[in-house]
Amino acid sequence: MTHALIVIDMQNDFCPGGALAVAGGDEIVTGINALMGDFDAVILTQDWHPAGHSSFASSHPGKAPFETVEMAYGTQVLWPDHCVQGSAGAAFHDALDATRADLILRKGMNPAIDSYSAFFENDHETPTGLHGYLQTRGIDRLTMVGLATDFCVNFSAVDAARLGYAVTVNEALCRAIDLDGSLAAARKGMADAGVTVA
Ligand code: VGL
Ligand code: ZN
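Remember, it's a predicted structure, so these values are computed and weren't measured experimentally.

Draft legend 1. Geometry of the coordination of the zinc ion (ligand 2). The coordination sphere of the zinc ion (ligand 2), as far as protein atoms go, consists of D47 (OD), H49 (NE2) and H82 (NE2), spread over 2.0 to 2.2 Å. Around the zinc ion (ligand 2) sit 4 donor atoms; with metal-centred angles ranging over 90 to 168 degrees, the donor geometry is irregular. Counting the intervening residues between successive donors of the zinc ion (ligand 2) yields the motif D-x1-H-x32-H. This pair shows no difference in class: D47 is buried, exactly as H49 is.

Structure, rendered in structure tokens:
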């Protein structure tokens, strides 16, 4: 099997001090770097929103971060402004070894649709192109690490399993937002989809 490491959204805004900080988000960088050499390919994803993105609470008058809205594609959690294209918050954590990356995949650019998953936008229909890339490279096995366990890692892992990849989430090298039970729900959803959570 050809095995890729997918590093999800290891960006300043998801680390302590960032706009959408995940507790302990910075603790996993060293371990992720140490793992890179064990894989046939390393792919980094980068959340990359235009200013005024529809997933930002600030784009919805009267709404606060972590409330939800109904979008055409379903319920969307509203976030603080984060990972705005070109901002310091959107940059990778300084200590992340991006030199090892075969591919840096950006997502969340469509102003009207959020994209938690590295494979599809939140309409579960619009592809990011990652599946085509992996197929072209003959990659059939994926290990996922990064931020956040219950959102972007979870959606990416479930989509990958549905696409037929053998997927492992290395939970020791992930950290969660854990909003209203989202971590427990994510663990169940991943297990149900056939993802190995190690
Ligand atoms: C993420 C919320 C909003 C993530 C990205 O990387 O898990 N979460 N945008
Ligand atoms: Zn985002």
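Draft legend 2. View of the site of ligand 1. Taken together, D9, F14, L20, D47, W79, H82, Y116, L147, A148, F151 and C152 make up all the residues around ligand 1. Here a nitrogen atom of ligand 1 sits 3.1 Å away from a polar atom, N or O, in the side chain of H82. Within the backbone of A148, one N or O atom sits 3.0 Å away from an oxygen atom of ligand 1. Isolated, ligand 1 exposes 260 Å² of accessible area, and the fraction of that covered by the protein chains is 100%. In a pocket analysis with a 2 Å cut-off to the grid points, ligand 1 is assigned to the largest cavity. Partitioned by chemical class, the residues of the shell around ligand 1 number 8 nonpolar, 1 polar and 2 charged.

Draft legend 3. Seen up close, the packing of aromatic side chains. One pass over the full model with this rule turns up 6 aromatic pairs. For the pair W79 and Y116, a centre-to-centre distance of 6.4 Å together with 75 degrees between the ring planes defines the contact as edge-to-face. With W79 in the loop between β4 (74–77) and β5 (103–107) and Y116 in the loop between β5 and α2 (130–136), this pair connects stretches of sequence that are 37 residues apart. An identical accessibility class is assigned to W79 and Y116; each is buried. Here F119 and Y165 contribute two aromatic rings whose centre-to-centre distance is 5.9 Å and whose plane-to-plane angle is 35 degrees, an arrangement assigned as tilted. Highlighted residues: F119 in the loop between β5 and α2 and Y165 in the loop between α3 (149–162) and β7 (166–175), separated in sequence by 46 residues. Judged by its relative accessible area of 8%, Y165 falls in the buried class. Lying across the ring of W48, R106 places its NZ or CZ 3.7 Å from the centre.

Draft legend 4. Focus on the environment of M10. Relative to the helices and strands, M10 is located in the loop between β1 (3–8) and α1 (29–35). Each C-alpha atom, one on M10 and one on T45, is 7.8 Å from the other, the two residues being 35 residues apart in sequence. Beyond its immediate chain neighbours, meaning those up to four positions away, M10 contacts C15, G25, I28, V29, I32, T45, F92, H93, L96, G146 and L147.

Draft legend 5. Region of the structure containing helix α4 (residues 182–192). Inspection of α4 places S182, L183, A186 and M190 among the buried residues, and these make up the whole buried set. Relative to the axis of α4, the buried residues are bounded by an arc of 95 degrees and lie together on one face. Those residues of α4 that are exposed and aimed more than 90 degrees away from the buried face are A184, K188 and D192. Among the structural elements, α3, β7 and β8 (196–197) are those in contact with the buried residues of α4. Phi turns positive, to about 90 degrees, at G194, one or two residues after α4.

Each value, and the rule that gives it
Residues numbered from 1 in each chain as written. Chains lettered and ligands numbered in written order. Predicted model: local features only at pLDDT ≥ 70, side-chain atom pairs only at ≥ 80, totals over all residues. Heavy atoms only, no water. Donors = N, O, S within 2.8 Å, 3.2 Å for Na, K, Ca; no water. Tetrahedral: all angles 85-135°; square planar, octahedral: opposite > 155°, others 65-115°. Buried < 20%, exposed > 50% of the residue type's maximum accessible area, 1.4 Å probe, protein only. Near = heavy atom within 4 Å. Polar contact = N/O pair within 3.5 Å; in protein donor to acceptor, adjacent residues only side chain to side chain. Areas by Shrake-Rupley, 256 points an atom, 1.4 Å probe, with all protein chains shown as cover. 1 Å grid on protein atoms, 1.4 Å probe; cavity = no way out; pocket = protein on both sides within 12 Å on 5 of 7 lines; lining within 4 Å. Sits in = over half its atoms within 2 Å of the grid points. Nonpolar A, V, L, I, M, F, W, Y, C, P; charged D, E, K, R; others polar. Phe/Tyr/Trp six-rings, centres within 6.5 Å; stacked < 30°, edge-to-face > 60°. Helix = DSSP H or I, 4+ residues; strand = E, 2+ residues; numbered from the N terminus. Lys NZ or Arg CZ within 6 Å of the ring centre and 35° of its normal. Contact = heavy atoms within 4.5 Å. Arc of directions from axis to C-beta.

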